[in-house]
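# Secondary and tertiary structure notes
The residues making up each chain are set out below.
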Amino acid sequence: MKSKILLFLFALIGVTACGGAANDVPKDGPATGSIQIGVDESFSPLIKAEKAAFEENYHFAKLNLVFKPENEAIADLLNDKVRSVVVSRELTEAEKGIFARKKITYRSFKFAADGIALIVNKSNQDTLITLDRLKSLLNGTAKNGKDIELVVDKANSSNIKFLVDQFSLGNSGLAVAEVGSNKAVIEYVQSHKNALGIIGSNWISDGENPTSLGFIRSIHVLSVSANGKDYYQPFGYNLALKKYPLRREIKMILKESHSGLGTGFVNYVCGDMGQLIVLKAGLIPLTRPITIRQYQINQ
């Protein structure tokens, strides 16, 4: 009789233990569930297109995009507010240290290349600029630069952070004004003759997107030179061959200990369909090969 009672108790404990484990099972999988993803607003058009295509294919998946400046998005990742972020830089040593102390692993995936685009009013016929000139405008030392108003989306966005790192400038004392978003920068340049806007090229690179087409037709995109001789614009061919001086890479940083929805979305973005969306957006895919052909046009 005693042996039967003990057997029953062990069986009961086993069922209880299984029930407790079930509560710890992740609530999302590679194609199901709901997660938060932090996105620097510079990459909004591209990631919105990737999200729409992904959710169209996987009806039980929900990606909630949270648009914030790059540094704020990474802070949310460190504080478990988002599962993944789309940014233009790797984690700093201090940020990596936080993950190490918490014994949390992360993965970083480069999936596209774009450029920092410099734009001016349609009435401005000076469409060439050198990196030296841009640096002097940013730090306020440019000769005859008082009439030029530099505008950026936000002070801690990836756009201005890239230029600060590019020119080894401090985070304070920059001669720039923030207007809130890449879209607001374009609109400001449209209405101010002396404005020079700093945006992500993703906002003006998609030749099939009516919004992108409307933007690029209403402003001039500056050609940029690193040596004062060769000038390039932040589009296709120049980005692919790394000729454009202000080229950067877009990456997704993922903090996920299981094969969840974050992993599923990364695999999609880095896969064939996701890379086709990158190409359609006028940017350069980084996980799939592309073919560059030269054509001679007789005029």
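Just so you know, the residues in each chain are numbered from 1, in the order the chain's sequence is written. Confidence filtering applies because this is a predicted model: local features only for residues at pLDDT of at least 70, side-chain atom pairs given and counted only at 80 or more, and all residues used for totals across whole chains, interfaces and linings. Values reported for side chains reflect all heavy atoms of the structure, with hydrogen atoms and water molecules removed beforehand.

A separate point is the overall build of the chain. Only DSSP runs of H or I with at least four residues qualify as helices, and only runs of E with at least two residues qualify as strands; both kinds are numbered from the N terminus onward. Across its full length, the chain carries 11 helices and 12 strands. The buried share among the 299 residues of the chain stands at 45%. For the chain, the share of sequence-separated contacts (at least 6 apart) that also reach a separation of at least 24 residues comes to 74%. Every accessible area reported is derived by Shrake-Rupley at a probe size of 1.4 Å, with residue values counting cover from the shown protein chains alone. Of the roughly 15800 Å² of accessible surface on the chain, 54% is carried by carbon and sulfur atoms. Each residue is placed in one exposure class: buried if its accessible area under a 1.4 Å probe, protein chains only, is under 20% of its type's maximum, exposed if it is over 50%, and partly exposed if it falls in between. What makes two residues a contact is simply this: any of their non-hydrogen atoms within 4.5 Å.

What follows covers the pairing of strand S11 (residues 247-254). Within S11, seven of the eight residues are buried, leaving the element largely enclosed by the surrounding structure. A pair of strands counts as paired when DSSP detects no fewer than two bridges linking them. Bridge count for strand S3 (residues 84-87) against S11 is four bridges, and the pairing is antiparallel. Note on S11: the bridge partner recorded for Ser84 is Leu254. Looking at chain direction, strand S4 (residues 107-121) and S11 are connected through eight bridges and run antiparallel.

On to helix H3 (residues 70-78), then. Every buried residue of H3 is listed here: Glu70, Ala73, Ile74, Asp76, Leu77 and Leu78. On its buried face, H3 is in contact with strand S1 (33-39), S3, helix H4 (93-101), helix H6 (158-166) and S11. Immediately downstream of H3, the backbone of Asp80 shows phi near 65°, a positive value.

We now examine the environment of Lys154. For Lys154, the location among the structural elements is in the loop between strand S6 (149-152) and H6. Sequence-wise, Lys154 and Glu70 are 84 residues apart; in three dimensions their C-alpha atoms are separated by 9.8 Å.

Moving on, we come to the environment of Ser205. With respect to the element layout, Ser205 can be found in the loop between strand S8 (195-200) and helix H8 (210-217). For the pair formed by Ser205 and Pro234, sequence separation is 29 residues and the distance between their alpha carbons is 8.5 Å. If sequence neighbours within four positions are ignored, Ser205 has contacts with Ser212, Phe235, Ala281, Gly282 and Leu283.

Now for unusual backbone geometry. In this structure, Ser168 takes a positive phi of about 55° despite not being glycine. The phi torsion at Lys242 lies on the positive side, around 60°, for a residue other than glycine. Relative to the assigned elements, Lys242 resides in the loop between helix H9 (236-240) and S11. Overall, the relative accessible area of 57% leaves Lys242 in the exposed class.

This paragraph deals with the packing of H3 against H4. Geometry is summarised by axes, namely lines fitted to C-alpha atoms with helices restricted to the contacting stretch, and by angles between N-to-C directions that run from 0 to 180 degrees. At a minimum axis distance of 11 Å, the contact between H3 and H4 shows a crossing angle of 15°. In terms of axis orientation, H3 runs roughly parallel to H4. Considering the relative orientation of H3 and H4, their crossing is left-handed. For the pair H3 and H4, the contacting residues are Ile74, Leu77 and Leu78 in the first and Glu95, Ile98 and Phe99 in the second. When grouped by side-chain class, the residues that make up the contact of H3 with H4 number five nonpolar, no polar and one charged. Angle categories are assigned with fixed cut-offs, so that under 35 degrees is roughly parallel, over 145 is roughly antiparallel, 65 to 115 is roughly perpendicular, and the rest are oblique. Helix crossings are classified by the rotation of the near helix relative to the far one: an anticlockwise turn of less than a right angle makes the crossing left-handed, while a clockwise turn makes it right-handed. As a working rule, the residues Ala, Val, Leu, Ile, Met, Phe, Trp, Tyr, Cys and Pro are called nonpolar, Asp, Glu, Lys and Arg charged, and the rest polar, with Gly in that last group.

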